[in-house]
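Now for the letters of each chain:
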Amino acid sequence: MKKIGFLSFGHWASSAGSQTHSAGDALLQSIDLAVVAEELGADGAYFRVHHFAQQLASPFPLLAAVGARTRKIEIGTAVIDMRYENPFYMAEDAGSADLISGGRLQLGISRGSPEQVIDGWRHFGHSPAEGASDADMGRRHAEVLLDVLRGEGFAQPNPNPMFPNPPGLLRLEPHSEGLRDRIWWGAGSNATAAWAARFGMNLQSSTLKDDETGQPFHVQQAEQIRAYRDAWKEAGHARTPRVSVSRSIFALVSDQDRAYFGRGNQGRDQVGYLDAQTRAIFGRSYADEPDKLIAQLAVDEAIAEADTLLLTVPNQLGVDYNAHVIDAILKHVAPGLGWR
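We now turn to the structure provided with this report. Since the model is a prediction, treat every value here as computed from it, not as a measurement.

## Points about the pattern of salt bridges
Phase 1: Scanning the model with the defined rule gives 22 salt bridges in all.
Phase 2: The shortest N-O distance in the salt bridge between D43 and R340 comes to 2.7 Å. Taken together, the residues D43 in the loop between α1 (23-40) and β2 (44-47) and R340 in the segment after α11 (319-333) connect sequence positions 297 residues apart.
Phase 3: Judged by its relative accessible area of 22%, D43 is partly exposed.
Phase 4: On the basis of relative accessible area, R340 is assigned to the partly exposed category, the value being 33%.
Phase 5: Counted as one network, the salt bridges with shared partners bring together K3, E74, R242 and D307.

## Structural notes on the nonpolar core
Across soluble globular proteins, nonpolar side chains show a tendency to be buried alongside one another.
Phase 1: Of all hydrophobic cores here, the largest spans 72 residues; its most connected members are F6, L107 and I109.
Phase 2: No other element matches the 7 residues that α11 contributes to this core.
Phase 3: Setting aside its immediate chain neighbours within four residues, L107 contacts F60, L63, T77, I80, M90, A94, R182, I183 and W184.
Phase 4: F250, L252, F261 and A287 belong to the second-largest nonpolar core, a separate cluster that totals 7 residues.

## Remarks on the pairing of strand β4 (residues 105-110)
Phase 1: Most of β4 is tucked away, with 6 of its 6 residues classed as buried.
Phase 2: Pairing of strand β3 (residues 74-81) with β4, which is carried by 5 bridges, proceeds in the parallel orientation. In the strand pairing of β4, D81 is matched with S110.
Phase 3: Handedness of the crossover joining β3 and β4 through helix α3 (residues 87-101): right-handed.
Phase 4: As paired strands, β4 and strand β5 (residues 183-186) are joined by 3 bridges and run parallel to one another. Within β5, the position partnered with L107 by the bridge is I183.

## Some thoughts on the environment of A64
Phase 1: Here A64 lies in helix α2 (residues 60-69).
Phase 2: A relative accessible area of 17% places A64 in the buried class.
Phase 3: Apart from the residues within four sequence positions on either side, A64 is in contact with A97 and I100.

## Looking at the sheet that holds strand β13 (residues 308-313)
Phase 1: Overall, parallel pairing links the 8 strands, which are arranged β1-β2-β3-β4-β5-β6-β8-β13 in a closed barrel. Strand-to-strand twist of the sheet, defined as the mean angle between neighbouring strand axes without regard to direction, takes the value 25°.
Phase 2: Strand direction decides the pairing type here: strand β1 (residues 3-8) and β2, joined by 4 bridges, are parallel. Each bridged residue has a counterpart across the sheet, and for S8 the counterpart in β2 is F47.
Phase 3: Contacts from α2 reach β2, β3 and β4, with the element oriented near 175° to β3.

## Comments concerning unusual backbone geometry
Phase 1: A cis amide bond, omega 5°, links A78 with the succeeding residue V79.
Phase 2: In this structure, V79 sits in strand β3.
Phase 3: A cis amide bond links E173 with the next residue in sequence, P174, at an omega value of 0°.
Phase 4: The topology assignment puts P174 in the loop between α5 (134-148) and β5.
Phase 5: Of note, the phi angle at F52 is positive, near 60°, even though the residue is not glycine.
Phase 6: Along the chain, F52 falls in the loop between β2 and α2.

## Here we look at the packing of α1 against α2
Two numbers describe a pair of packed helices, the interaxial angle and the distance between the axes.
Phase 1: Interhelical geometry of α1 versus α2 gives an angle of 35° and a closest axis separation of 9 Å. For α1 against α2, the interelement crossing comes out right-handed. Between α1 and α2, the residues in contact are L27, S30, I31, D32, A34 and V35 and L62, A65, V66 and R69, respectively.

What counts, and at which threshold
- Residues numbered from 1 in each chain as written.
- Predicted model: local features only at pLDDT ≥ 70, side-chain atom pairs only at ≥ 80, totals over all residues.
- Heavy atoms only, no water.
- Salt bridge = Lys/Arg side-chain N within 4 Å of Asp/Glu carboxyl O.
- Helix = DSSP H or I, 4+ residues; strand = E, 2+ residues; numbered from the N terminus.
- Buried < 20%, exposed > 50% of the residue type's maximum accessible area, 1.4 Å probe, protein only.
- Core = buried A, V, L, I, M, F, W, Y, C linked by side-chain atoms within 4.5 Å.
- Contact = heavy atoms within 4.5 Å.
- Pairing = 2+ DSSP bridges.
- Right-handed = clockwise from strand over helix to strand, strands pointing away.
- Axes fitted to C-alpha atoms, helices over the stretch in contact; angles between N-to-C directions.
- Left-handed = near helix turned anticlockwise from the far one by under 90°.

Shown next as structure tokens:
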């Protein structure tokens with residue numbers, strides 16, 4: 001068995017081909033898609049976070065709304081850029097969303113990726129410490145978040161508070177028990193995957209990573225997952241970690257599918273540069289008839305290593321079509337691979 005969820009970037013655009021014309025459309029359709037995905041039997045509804053772009057940004061109102069409208073499906077992010085976050089306020093927001101959902105939050109965080117503006121985190125009031133980079137700052141924010149999510153008191157109580165305090169140091173409220181174990185790190189390299197393991201975070205690996213060996217993307221990603229699990233074992237954590245990978249996968253079962261995705265040009269990895277120093281490899285997309293998809297996916301080593309698969313969805317094509325995309329994988333592909 002493998003958990004299968006969807007991952008939406010939440011784009012909106014006023015172009016004629018889009019069914020998601022505004023931020024309101026993106027948010028409300030995201031909620032509706034999560035409800036339908038749960039009805040179809042999907043395991044997760046995950047959302048990307050981008051700032052200064054016509055895409056989903058502040059995630060916690062959306063996660064809380066999805067949590068209130070659903071009952072079983074996991075809800076999460078992939079990922080929140082921690083360079084922008086106040087970890088204390090974030091812990092309160094995350095605790096609230098998790099309690100509303102009944103403990104279904106799976107919170108993916110990361111040090112961030114190339115962004116729309118120069119040093120956007122500065123506009124949010126954050127700057128790296130002397131001698132540190134913005135990536136260091138993002139990881140430090142993550143470490144603080146993990147500490148406060150433990151639910152241990154750290155703040156000295158006011159001797160003359162507005163309301164009576166419990167004894168001892170105070171923690172942030174609301175606290176949601178167990179959320180600390182449902183934090184995931186989006187790792188772009190083998191080294192950051194091992195770092196995440198040492199801090200007891202689950203692993204999210206996307207459709208791109210640093211090109212560290214020149215091998216095919218899925219092979220490098222599988223090696224990253226194994227390095228993560230080795231580091232987890234070495235750290236001596238008691239629980240079993242979780243690992244997710246993301247893929248663009250489309251089963252061509254209708255004329256509409258073939259019109260959108262039947263062009264046959266998705267079958268190769270691509271290599272590019274995220275910045276002047278970072279050579280990255282971008283994983284291929286999959287689009288084919290179900291029997292051919294099954295054969296292709298069966299040799300994807302990283303999917304085989306992961307316990308959770310996130311299907312990236314073209315959200316601007318509307319809720320109905322995206323529900324069809326998810327349903328086609330669940331019905332026509334997953335059983336043939338032993339995922340269902």
